[in-house]
Amino acid sequence: MRSLRIAVMIALLASLSFSFSRSGGAVGQPEPLDPLELACPSLIAAYHGAEPLPATMVPDDQGGGIKEDIPDKYAGRYREWKKEFLSTDAGRSQWAYYQDNRHFTLTIQLSHDNAEGATTGNYKWNEAGQLVAATIALGFHLDQGYPNPIYFPVMNSLLLTESPNRIAGITLAATKLAHEFGHVNRTAKVDPKQYQLQSQLMPQYNRIFLSNGRNASDPRLLELARQLGGTPVEIWEDREYWGEANAMVYLGDRFTEDSLRCSLFSRMRQSIDLYAKSYEERFLAIVQSTPAHRFCGWQ
Ligand SMILES: [Zn+2]
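If you're wondering where the values come from, they're calculated on a predicted model, not measured in any experiment.

Chemist: Honestly, the overall build of the protein chain in this entry has me stumped. Any pointers?
Modeler: In terms of regular secondary structure, the protein chain is built from 12 helices and four strands. The proportion of buried residues among the 299 residues of the protein chain is 36%. Contacts spanning at least 24 positions in sequence make up 76% of the contacts within the protein chain whose residues lie at least 6 apart.

Rendered as structure tokens:
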């Protein structure tokens, strides 16, 4: 399994280099690397796209709570996705936590840039190191498109290709919203200095990696990985699997009927076994927090 995992990581890192070898530039002159691809693996970028742009006119003290910045044109569909998220205990309690928090402002906006994806960014911390603001940008076709199973084993389970059941698009959208809430929940717990250092150094790491023949043993990369607390791929997979863990909590609440729930959870298990084995514990802890008869083969 370890060798499969390494093979997957090599494939991911190799995919990062696509932009490096694309034709179009002068011979011997590689095209400039796409900053987005330098920042994170392309399979993640395919879902998350770019970080949301800073909201205009954001005052320092935004008063806390949740600010929904949704154009009228899309208000109807957004309302459906939100209602679906709030139909679960997990959705309601997390929403209420941010809605009632006077010291943290969560902005939710709709984006045209990444129609079937979503992303979270614009993180702000106060001088005491507490997270005080974040922005979740949702694609306006959030109810379509299934992220890949490598980094998104939970959201991908909704494909259910081998089951007669069909999961509604609004549930897919609400699961993506849960994934983004998972990012916010997690970022509030990490060391802000380390997080900011990672954002700063990961593109630097990838730039060296892509220009040194993809040699991860390069002393410059070993030093950067030491400062970062891991390689960029390890850092990104850790972040994504926290998002996925929260998506799993949502789906666990959303599907109480055993057969459909077991179809979903078995599919998650397969993908996590294949791609996220060393992160299995955080997912297992969620499954184990439910009644035993709902383990669906996870025990
Ligand atoms: Zn994510």
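So that's the structure; there's more coming.
Chemist: Just checking my understanding: could you explain the sheet that holds strand E4 (residues 131–139) for this structure?
Modeler: Whether parallel or antiparallel, the strands of a sheet pair through hydrogen bonds between backbone atoms. One open sheet holds the four strands; their spatial order is E1-E2-E4-E3, and the pairing between them is mixed. If you trace the sheet from one side to the other, it starts and ends with strand E1 (65–69) and strand E3 (118–125), each paired once. Ignoring strand direction, the axes of neighbouring strands in this sheet form an average angle of 15°. Direction of pairing for E3 relative to E4: antiparallel, over a ladder of six bridges. Across the sheet, tryptophan 125 pairs through a bridge with leucine 131, a residue of E4.

Chemist: I'm lost on unusual backbone geometry in this one. Help?
Modeler: For residues that are not glycine, phi is negative in most cases, and the peptide bond is trans in most cases. Non-glycine residue asparagine 122 carries a positive phi angle of around 55°. Tracing the chain through its elements places asparagine 122 in strand E3. A count of 19 C-beta atoms within 10 Å places asparagine 122 in the partly exposed class. At arginine 214, a position not held by glycine, the phi torsion is positive, near 55°. Its 15 C-beta neighbours within 10 Å are what place arginine 214 among the partly exposed residues.

Chemist: Explanation requested: helix H10 (residues 232–254) in the structure shown.
Modeler: An α-helical segment advances 3.6 residues per turn. Residues three or four places apart therefore align on the same side. Between its terminal C-alpha atoms H10 stretches 33 Å, which fits the 33 Å expected from 23 residues at 1.5 Å a residue. In terms of burial, H10 is largely enclosed, as 20 of its 23 residues are buried.

Chemist: How do you make sense of the packing of H10 against helix H12 (residues 280–288) when you look at a structure like this?
Modeler: Each pair of packed helices gets described by two things: the angle between the helix axes and the distance between those axes. Contact geometry for H10 and H12: axes closest at 10 Å, N-to-C directions at 15°. With respect to each other, H10 and H12 are oriented roughly parallel. Our pair here, H10 against H12, has a crossing hand that is right-handed. Note on element contacts: H12 touches H10 through Arg282, Phe283 and Ile286, opposite Tyr241, Ala245, Met248, Val249 and Gly252. Of the residues belonging to the contact of H10 with H12, the class tally is six nonpolar, one polar and one charged.

Chemist: What is the right way to read helix H5 (residues 72–85) from this model?
Modeler: Here H5 is 14 residues long and its end C-alpha atoms lie 20 Å apart, about the 20 Å a rise of 1.5 Å per residue gives. The largest bend in H5 is about 30°, located at tyrosine 78. Within H5, burial applies to Tyr78, Trp81, Lys82, Glu84 and Phe85. Turning to H5, the residues buried within the fold contact helix H6 (89–99), strand E2 (105–111) and helix H7 (169–187).

Chemist: When you look at the environment of leucine 260 in this model, what are you seeing that I'm missing?
Modeler: Note on placement: leucine 260 falls in helix H11 (residues 258–275). C-beta crowding within 10 Å serves as the criterion here: with 15 such atoms nearby, leucine 260 is assigned to the partly exposed category. Separated by 100 residues in the primary sequence, leucine 260 and leucine 160 place their C-alpha atoms 9.5 Å from one another.

Conventions and cut-offs
Residues numbered from 1 in each chain as written. Predicted model: local features only at pLDDT ≥ 70, side-chain atom pairs only at ≥ 80, totals over all residues. Helix = DSSP H or I, 4+ residues; strand = E, 2+ residues; numbered from the N terminus. Buried ≥ 20, exposed ≤ 12 C-beta atoms within 10 Å, placed from the backbone. Contact = placed C-beta atoms within 7 Å. Pairing = 2+ DSSP bridges. Axes fitted to C-alpha atoms, helices over the stretch in contact; angles between N-to-C directions. Expected span 1.5 Å × (residues − 1). Parallel < 35°, antiparallel > 145°, perpendicular 65-115°, else oblique. Left-handed = near helix turned anticlockwise from the far one by under 90°. Nonpolar A, V, L, I, M, F, W, Y, C, P; charged D, E, K, R; others polar. Bend = angle between axes of the 7 residues up to and from the residue.

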